[in-house]
Amino acid sequence: MLVLVINSGSSSLKYQVRDVAAGIVLTEGLIEKIGVGNGGDGDGEIEGPRDHAEALEQVDAAIHAELGDPELAAVGHRVVHGGERFAKPVLIDNEITRAIERLNPLAPLHNPANVLGIRAISKKWPDLPQVAVFDTAFHRTLPEYAWRYAVPDELYTNHGIRRYGFHGTSHEYVTHRAAALLDLPVDEFDGVIAHLGNGASVTAILGGHSVDTSMGFTPLEGLVMGTRSGDLDPSILVFLGRNGWTPEDIDTMLNRESGLMGLAGNNDMRSVVEASEGGDAKAAMALAVTSYRLAKYIGSYHVAVGGAKALVFTAGIGENSHQFRALVTDRLRALGIELDAGLNRQRSREPRVISTAASVIPVLVVPTDEERAIAEATSAVVHSSIAP
Ligand code: ADP
């Protein structure tokens, strides 16, 4: 079964064609600068496709150039916000599209782009089944005491202000792979998963389900990230507002100018590690703040799950930066965690254990693959929808 996986951003569209049974990518690409420039009208520079429909024409042309005339069975969309309604992937119809659109206020940069992508495909290939796979869905199992903010109830009931959590597709996929690596049925897996990419979040898993996660109402809460601040005292925002900062100023500062970027002037972990090793004090402090904050979260999630059976690192930094993994786990000695320095430094694309035999719980590195998870979920939804 061939599935087209689509990840639409406001001005970009990432795609993969995957063979689900074989677990392989047949072709992939990225269309950028959608809606930037004039799309070819007039005599100005052509920057990119005019809209998502035109971007899709480019995807179609690229797929044909690579694969001839492949028989696509379905399209799987990464949808960022599924609100309180969506706890699992769903087959898309008009009502579902409108429901995703109604969540636009909660994810103003992401959900509108998802809806544009879905509508463009419905128009171009009306008979092709489409499935929405939500970043928030895996976290619908959070208990209320974990998703509530301690603010007046009206903020939740009238505005939907609560913790939703993100990166769910990755956390779920990695949960299954980590359980398999430990030879445990997934419903016996209790652990802590650290997804550390440009965006970063950590999730507490109990019996294979998410019971707490560090991102909240938006993907800004929680860990120190590439350009995002993570947790801070909300009074800082009030203070800045009183000093003339607009909501846009504050949004830009917290989402684009903070995190590693704010502390070290660079949002790329590899560069920050190199700078620190070269004696740059700001880079060293950025690593200390980032690793300390993550270690505190891991400690608290160890409590949340009543004793984790494993700690798992994934995504760009988690899979590749042995230096950052060492900084974090050095702070976890109180939990009896001990890395094997040699195993930690080994490079591999396979899921693996990097702790010593004496470590009280194993530390794992498990590569994530959100597109693969989306393709598999899409295939499963389509098959169950046509089953008698
Ligand atoms: P995204 O959230 O955009 O998918 P990724 O999961 O690709 O992000 O992670 C990007 C981060 O991974 C960057 O900070 C990058 O520096 C880091 N990274 C990638 N490869 C390495 C490496 N070999 N060593 C250290 N950090 C790495």
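Scroll up for the structure.
Numbering of residues starts from 1 in every chain and runs along the sequence as written. With pLDDT at 70 or above as the cut-off, local features in this predicted model cover only qualifying residues; side-chain atom pairs require 80 or more to be listed or tallied, and sums for whole chains, interfaces and linings still use all residues. Derived side-chain values reflect all non-hydrogen atoms in the structure, with water molecules and hydrogen atoms excluded from consideration.

Q: Sorry if this is basic, but what is going on with the nonpolar core here?
A: Generally speaking, a soluble globular protein has its nonpolar side chains buried in company with each other. Buried residues of nine kinds, namely Ala, Val, Leu, Ile, Met, Phe, Trp, Tyr and Cys, make up a nonpolar core once their side-chain atoms join them within 4.5 Å. Think of it in three bands: with a 1.4 Å probe and only protein chains considered, a residue is buried below 20% of the maximum accessible area for its type, exposed above 50%, and partly exposed in between. If you look at the biggest cluster of nonpolar residues, it comprises 41 residues, and the most contacted ones within it are L196, V202, L294, I298, L311, F313 and F324. At the level of secondary structure, the elements contributing two or more residues to this core comprise strand 7 (191–196), strand 8 (200–206), helix 10 (269–277), helix 11 (281–304), strand 10 (310–314), helix 13 (322–330) and strand 12 (363–365). Only runs of H or I of at least four residues qualify as helices and only runs of E of at least two qualify as strands under DSSP, and these elements are numbered from the N terminus. Among the elements that take part in this core, helix 11 stands out by supplying eight residues, more than any other. Any two residues whose heavy atoms approach within 4.5 Å are treated as being in contact. Ignoring anything within four residues of it in the chain, the contact list for I298 reads V192, V202, L311, V328 and L332. One finds Y15, I34, L56 and L72 within the second-largest nonpolar core, a separate group that totals 17 residues.

Q: Is there a simple way to think about the sheet that holds strand 10 in this case?
A: Backbone hydrogen bonds are what pair the strands of a sheet, in a parallel or an antiparallel way. A pair of strands is considered paired only if DSSP assigns at least 2 bridges between the two. The strand order across the open sheet formed by six strands is 9-8-7-10-12-11, and the pairing between neighbours is mixed. At either end of the open sheet lies a strand with only one pairing partner, and these are strand 9 (209–213) and strand 11 (352–353). Alignment of strand 7 against strand 8, held across six bridges, turns out to be antiparallel. Directly across from V192, in strand 8, lies its bridge partner A204. Contacting strand 7, strand 8, strand 10, strand 11 and strand 12, helix 6 (residues 168–181) crosses the sheet at an angle of about 130° to strand 7. Axis lines are fitted through C-alpha atoms, for helices just across the contact stretch, and the angle between N-to-C directions can take any value from 0 to 180 degrees.

Q: When you look at the site of the ligand in this model, what are you seeing that I'm missing?
A: One heavy atom suffices: a residue is near a molecule or strand as soon as one of its heavy atoms comes within 4 Å of it. In the vicinity of the ligand there are 13 residues, among which N198, D268, M269, R270 and G316 approach most closely. Between the ligand and the protein, one listed contact pairs an oxygen atom with a side-chain N or O atom of D268 at 3.0 Å. At 3.2 Å, a backbone N or O of R270 approaches an oxygen atom of the ligand. Relative to its unbound accessible area of 580 Å², the ligand is 70% covered by the protein chains. The set of elements that each furnish at least two residues to the shell around the ligand consists of helix 10 and helix 12 (315–320). Here a polar contact is recorded for every N or O atom pair within 3.5 Å, except that within protein the pair must consist of a potential hydrogen donor and a potential acceptor, and residues adjacent in sequence are included only if both atoms are side-chain atoms. Accessibility throughout is a Shrake-Rupley quantity obtained with a 1.4 Å probe, and a residue counts as covered only by protein chains that appear here.

Q: Can you help me understand the packing of helix 11 against helix 13 in this one?
A: The axes of two packed helices give the description: the angle between them and the distance between them. Helix 13 packs onto helix 11 with a crossing angle of 55° between their chain directions and a minimal axis gap of 8 Å. The orientation of helix 11 with respect to helix 13, classified from their angle, is oblique. Considering how the two elements wind past one another, helix 11 and helix 13 form a crossing that is right-handed. Residues L287, T290, S291, L294, A295 and I298 of helix 11 form the contact with helix 13, whose participating residues are F324, L327 and V328. Residue classes follow a fixed rule: Ala, Val, Leu, Ile, Met, Phe, Trp, Tyr, Cys and Pro count as nonpolar, while Asp, Glu, Lys and Arg count as charged, and any other residue, Gly among them, counts as polar. Here the residues of the contact of helix 11 with helix 13 are counted per class, giving seven nonpolar, two polar and no charged. Orientation is classified from the angle alone, with under 35 degrees giving roughly parallel, over 145 giving roughly antiparallel, 65 to 115 giving roughly perpendicular, and any other angle giving oblique. A clockwise turn of the near helix away from the far one marks a right-handed crossing, whereas an anticlockwise turn of less than a right angle marks a left-handed crossing.

Q: So what exactly am I meant to see when it comes to the pairing of strand 4 (residues 72–79) here?
A: It is a general feature of regular strands that their side chains alternate between the two faces of the sheet. Among the eight residues of strand 4, seven are classified as buried, and the element is accordingly described as predominantly covered. Direction of pairing for strand 1 (residues 2–8) relative to strand 4: parallel, over a ladder of five bridges. Note on strand 4: the bridge partner recorded for V5 is G76. Bridge count for strand 4 against strand 6 (residues 130–134) is five bridges, and the pairing is parallel. Within the sheet, the bridge partner assigned to V79 lies in strand 6 and is F134.

Q: Teacher, can you tell me more about the side chain of T227 here?
A: Tracing the sequence through the fold places T227 in the loop between strand 9 and helix 7 (235–242). Once you skip the residues sitting within four places of it in the chain, T227 turns out to touch L254, N255, R256, E257, S258, G259, M261 and N267.

Q: Even after reading the chapter, I still don't get the sheet that holds strand 5 (residues 90–91), so can you show me in this structure?
A: Within the open sheet, the six strands sit side by side as 3-2-1-4-6-5. Their pairing is mixed. Here the strands that pair on one side only, and so sit at the sheet edges, are strand 3 (24–31) and strand 5. Seen against the sheet, helix 3 (residues 111–124) touches strand 1, strand 4 and strand 6 and runs at an angle of roughly 165° to strand 4. Against the sheet, helix 15 (residues 370–386) engages strand 1, strand 2 (13–19), strand 4, strand 5 and strand 6, with an angle of about 125° to strand 4.

Q: How should I be thinking about the packing of helix 6 against helix 15 in this particular structure?
A: One way to put it is that helix 6 packs onto helix 15 with a least axis distance of 9 Å and a crossing angle of 85°. Classed by the angle they form, the pair helix 6 and helix 15 counts as roughly perpendicular. Side by side, helix 6 and helix 15 meet where T169, S170 and Y173 of the first sit next to E370, R372, A373 and I374 of the second.

Q: Help me understand helix 3 in this model?
A: Each α-helix turn comprises 3.6 residues. Residues three or four places apart therefore point the same way. Helix length check: helix 3, at 14 residues, gives a terminal C-alpha distance of 20 Å against a target of 20 Å (1.5 Å per residue), a fit within 8%. All buried positions along helix 3 are accounted for by N111, A113, N114, V115, G117, I118, A120 and I121. For helix 3, the elements touching its buried residues are strand 1, helix 1 (52–67), strand 4, helix 2 (94–102) and strand 6. By definition here, a helix of n residues has an expected span of 1.5 Å times n minus one.

In short, shape yes, function no, at least from these values alone.
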